[in-house]
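Each chain, letter by letter, is given below.
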Amino acid sequence: MERIESFRRRRPRLVDDHVTLAHGAGGKASAALVDAVFVEAFRNPLLESLGDGAVMTLPGGDRVAMSTDSFVVSPRRFPGGSIGALAVHGTCNDLAMVGAVPSWLSAAFVLEEGFPIAELREVVADMAAAAAVAGVQIVTGDTKVVPKGAADGMFVTTTGAGVIPAGRALSAGSVRVGDRVLLSGTMGDHGMAVMLARGDLAIEADIASDTASLSPLVELLLAAAPSTRWLRDATRGGVGTVCNELAQSCGLGVLLHEERLPVAPMVTGACELLGIDPLYVANEGKFVAVVAPDEAQAGLAALRSHPLGAEAAEVGQIVAEPAETVVLRTGFGGTRIVDMLVGDPLPRIC
C-alpha cells in the first residue's frame, strides 16, 4: 500500500484546461489526464492498478482479464501493417501482458460518411486475418456513422477478454532489487514506420512496423522463466515511458544499459535525422519483462528461439536507488535520467 500511495503522489498533476495531442501520447500528460479525470471519477481497486488490463476473479475462482483500446492511426495502412491488424494485435497484447491467453474480441467502428466500402472491406479482412493468427474470435461489435467532416475516415475500438491460467500472477508489487529487465526486440520500429509512411518528411528508409500478437512469445517466456514478475508492451511513450511506469509503481529504480538496447540501424538513422530518442518511440510487437535473476538467461533464450524475439536482449536491472527513477548508463560510462515522455513527437501512431 505504501508503494501504491507513493506512486499516486508522484503522478503528474493536470494543469490543462483543454485536451491536447500530448494527452494521447502515453507520457506525463496522459498520466495526468487519466489520474485527474478518469480514475477520479471511476475509482475502484481494479481500475487503480492502472495495468494493461483488468484482472477479475469469477465466483468459481477462475480469473479473467479484460482490456479495451481505440485506434486512430494515420495513415490507416503502413509498411508492415494496417489499422485493422493493429486493432487486433493491440488488444490481444494488452491481455497477454497481464498473463491472460487472449480468446475473444469485440470490435466497434466509427465511420465517416463517404468512407469507401472497398477500404472498409480491406480493413475488416486485415482484422479477420490477424485474429485467425492470434487465435481469437471477434464475437460482437458495433458500427456508428457520423456526418462527413466529423471524423477522420475511420476509428476502431476493440475490447478483448481472456482466461489467466491458474497460478500465474504478474504485478509490479512482486518486483525485487536485482531482478533483470528483458526487452523482446528492437525499439521504435512501429512509430518510425508510421511516421515515414505519412510522406511529410522526405525521408526514405526501409522500416516496417513490428505489429504482431505477442501471446505466443509471452507463453514461451513464462514457461522458461515461471517467476517472471511483470510485463508491459512498449507502445505509446516507448521503452522509456514504460520503464518509468514500472519504477513509479514498484517504488524501486530501473538501471538501463545504453549499449544493450537493441535498435535497428534504419530506425537509429531516422531518429537521429528527426531528433527523436528511440527510447520514446512506440512499438506494437515488443514488450519489457522483469524476471528473476536466476531465470534471466533461460528467459532470454526462450525469447530468442521465436522469430518475434530474435533480437531480444537483457537491457538492465532493478536497483534500490535512486527510487522510482529510470537511469541510463551511457556507452561513455556516464549516466543520465530517463524521464517520462513529455509532449507528443509522434501523434496518431496507434
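Residues numbered from 1 in each chain as written. Predicted model: local features only at pLDDT ≥ 70, side-chain atom pairs only at ≥ 80, totals over all residues. Heavy atoms only, no water.

### Overview of the packing of helix α4 (residues 83–97) against helix α5 (residues 117–134)
Note the threshold: To get an axis, a line is fitted to the C-alpha atoms, and for a helix only the part in contact is used. The angle between two axes follows their N-to-C directions and goes from 0 to 180 degrees. To qualify as a helix, a DSSP run of H or I must reach at least 4 residues; to qualify as a strand, a run of E must reach at least 2; elements of each kind are numbered from the N terminus. Crossing handedness is defined as follows: a turn of the near helix away from the far one that is anticlockwise and smaller than a right angle gives a left-handed crossing, while the clockwise case is right-handed. Only heavy atoms enter the contact rule, under which two residues are in contact if any of them lie within 4.5 Å.
Following both chains from N to C, one finds α4 and α5 inclined at 35 degrees, their axes separated by 7 Å at the closest point. As for the relative orientation of α4 and α5, their crossing is right-handed in sense. Residues I83, G84, A85, A87, V88, H89 and C92 of α4 form the contact with α5, whose participating residues are V123, D126, M127, A130, A131 and A134.

### Here's the deal with the UniProt feature "domain: PurM-like C-terminal" (unreviewed entry) in the protein
The condition is simple: UniProt positions are given in the numbering used here, feature names are shortened, and annotations may be inferred rather than shown by experiment.
UniProt's feature table lists "domain: PurM-like C-terminal" (unreviewed entry) at residues 176–328, given in the numbering used throughout. Across residues 176–328, the secondary structure splits into 33% helix and 18% strand, with the terminal C-alpha atoms separated by 19 Å.

### Thoughts on a nonpolar patch on the surface
Here is the rule: To count toward a patch, a residue needs a relative accessible area above 30% and no salt bridge. Like charges then connect within 9 Å, nonpolar side chains (Val, Leu, Ile, Met, Phe, Trp, Tyr) within 5 Å. Where accessible areas are quoted, they stem from the Shrake-Rupley method and a 1.4 Å probe; at the residue level, only the protein chains shown are allowed to cover. Salt bridges are defined by distance alone: a side-chain nitrogen of Lys or Arg within 4 Å of a carboxyl oxygen of Asp or Glu.
On the surface, a cluster of nonpolar side chains totalling about 410 Å² of accessible area is made up of L14, V37, F38, F42 and L47. No other element matches the three residues that helix α2 (residues 28–42) contributes to the nonpolar patch. Positionally, F42 belongs in helix α2.

### Structural notes on the pattern of salt bridges
Applicable threshold: Three exposure classes are used, based on accessible area relative to the maximum for each residue type with a 1.4 Å probe and protein chains only: buried under 20%, partly exposed in between, and exposed over 50%.
With the rule as written, the count across this model stands at 13 salt bridges. The residue R229 makes a salt bridge to D179 at a minimum N-O spacing of 3.0 Å. Placement of the pair is R229 in the loop between α7 (215–224) and β9 (230–233) and D179 in the loop between β7 (154–164) and β8 (180–183), with a sequence separation of 50 residues. Taking relative accessible area as the criterion, R229 reaches 19% and is therefore assigned buried. Here the salt bridges share partners, and the residues they tie into one network are R77, E122 and D126.

### Let's talk about the pairing of strand β10 (residues 253–257)
The cut-off we apply is this: Strands were regarded as paired on the criterion that DSSP finds at least two bridges between them.
In terms of burial, β10 is a largely internal element, five of the five residues being buried. Sheet analysis places β10 next to strand β12 (residues 313–319), joined by four bridges and oriented antiparallel. Residue pairing across strands places L255 opposite Q317, the latter belonging to β12. In terms of strand pairing, β10 meets strand β13 (residues 326–329) through four bridges, oriented parallel. Of the residues in β13, the one forming a bridge with L255 is V327.

### What to know about the environment of H306
When you line up the elements, H306 lands in the loop between α10 (296–304) and β12. H306 sits 135 residues away from S171 along the chain, and the two C-alpha atoms are 25 Å apart. Dropping the residues within four chain positions of it, H306 is found in contact with P216, L217 and L220.

### Focus: unusual backbone geometry
The peptide bond linking S74 to P75 adopts the cis configuration, its omega dihedral lying at 5 degrees. Looking at where P75 falls in the secondary structure, it is placed in the loop between β2 (63–71) and β3 (77–78). Following E321, the chain continues to P322 via a peptide bond in cis, the omega torsion being -5 degrees. One can find P322 in the loop between β12 and β13. Notably, E324 is not glycine yet its phi reads approximately 55 degrees, a positive angle. For E324, the location among the structural elements is in the loop between β12 and β13. For R348, which is not glycine, the phi torsion reads 55 degrees and is therefore positive.

### Here's the deal with the packing of helix α6 (residues 189–197) against helix α9 (residues 265–274)
When two helices pack together, you describe them by how their axes are tilted relative to each other and by the distance separating the axes. Test applied: Any angle from 65 to 115 degrees is called roughly perpendicular, while one under 35 is roughly parallel, one over 145 is roughly antiparallel, and all others are oblique. Throughout this entry, Asp, Glu, Lys and Arg are counted as charged residues, while Ala, Val, Leu, Ile, Met, Phe, Trp, Tyr, Cys and Pro are counted as nonpolar. The remaining residues, Gly among them, count as polar.
At a closest axis distance of 10 Å, the pairing of α6 and α9 adopts a crossing angle of 60 degrees. With respect to each other, α6 and α9 are oriented oblique. Between α6 and α9 lies a crossing whose hand is left-handed. Counted together, D189, M192, M195 and L196 of α6 and V267, A270, C271 and L274 of α9 form the full contact between these two elements. Taken together, the residues that form the contact of α6 with α9 break down as seven nonpolar, no polar and one charged.

### Observations concerning the nonpolar core
Stated formally: Take the buried residues of types Ala, Val, Leu, Ile, Met, Phe, Trp, Tyr and Cys, join any two whose side-chain atoms come within 4.5 Å, and each joined set is a nonpolar core. Throughout the structure description, domain borders are defined by an automatic or database domain assignment.
Counting residues in each nonpolar core, the largest one holds 39 residues, and the members touching the most others are V88, M127, M154 and M192. Each of domain 2 (55–164) and domain 3 (172–338) gives at least three residues to this core. Among residues more than four places away in sequence, those in contact with M192 are I207, V267, A270, C271, L274, I276, V281 and L346. Within the second largest apolar cluster, 29 residues are counted, among which are L183, W230, V239 and L252.

### Topic: the sheet that holds strand β5 (residues 101–112)
With respect to topology, five strands assemble into an open sheet ordered β1-β2-β7-β5-β6, the strand pairing being mixed. Since the sheet does not close on itself, it has two edges, and those belong to β1 (54–57) and β6 (137–146), each with one partner. Averaged over all pairs of adjacent strands, the angle between their axes in this sheet comes to 15 degrees, without regard to strand direction. Bridge count between β5 and β6: nine bridges; the pairing is parallel. Paired with S106 across the two strands is T140, which belongs to β6. This element, α4, spans β2, β5 and β7 of the sheet and lies at about 150 degrees to β2.

### Some thoughts on the domain arrangement of the protein
Stated precisely, the cut-off is as follows: Joining two parts hides part of their accessible area as seen by a 1.4 Å probe, and the buried area is that hidden amount summed over both. Whenever a nitrogen or oxygen atom comes within 3.5 Å of another N or O atom, the pair is scored as a polar contact, on the condition that within protein one atom can donate a hydrogen and the other can accept it, and that pairs from neighbouring residues in sequence are kept only if both atoms are in side chains.
Domain parsing of the protein yields domain 1 (1–43), domain 2 (55–164) and domain 3 (172–338). Here the C-alpha centroids of domain 1 and domain 3 sit 23 Å apart. Summed over both sides, the interface of domain 1 with domain 3 buries roughly 840 Å², with 38% coming from carbon and sulfur. Between the two partners, domain 1 and domain 3, sit zero salt bridges. The interface formed by domain 1 and domain 3 contains zero residue pairs in polar contact (both at pLDDT 80 or more).

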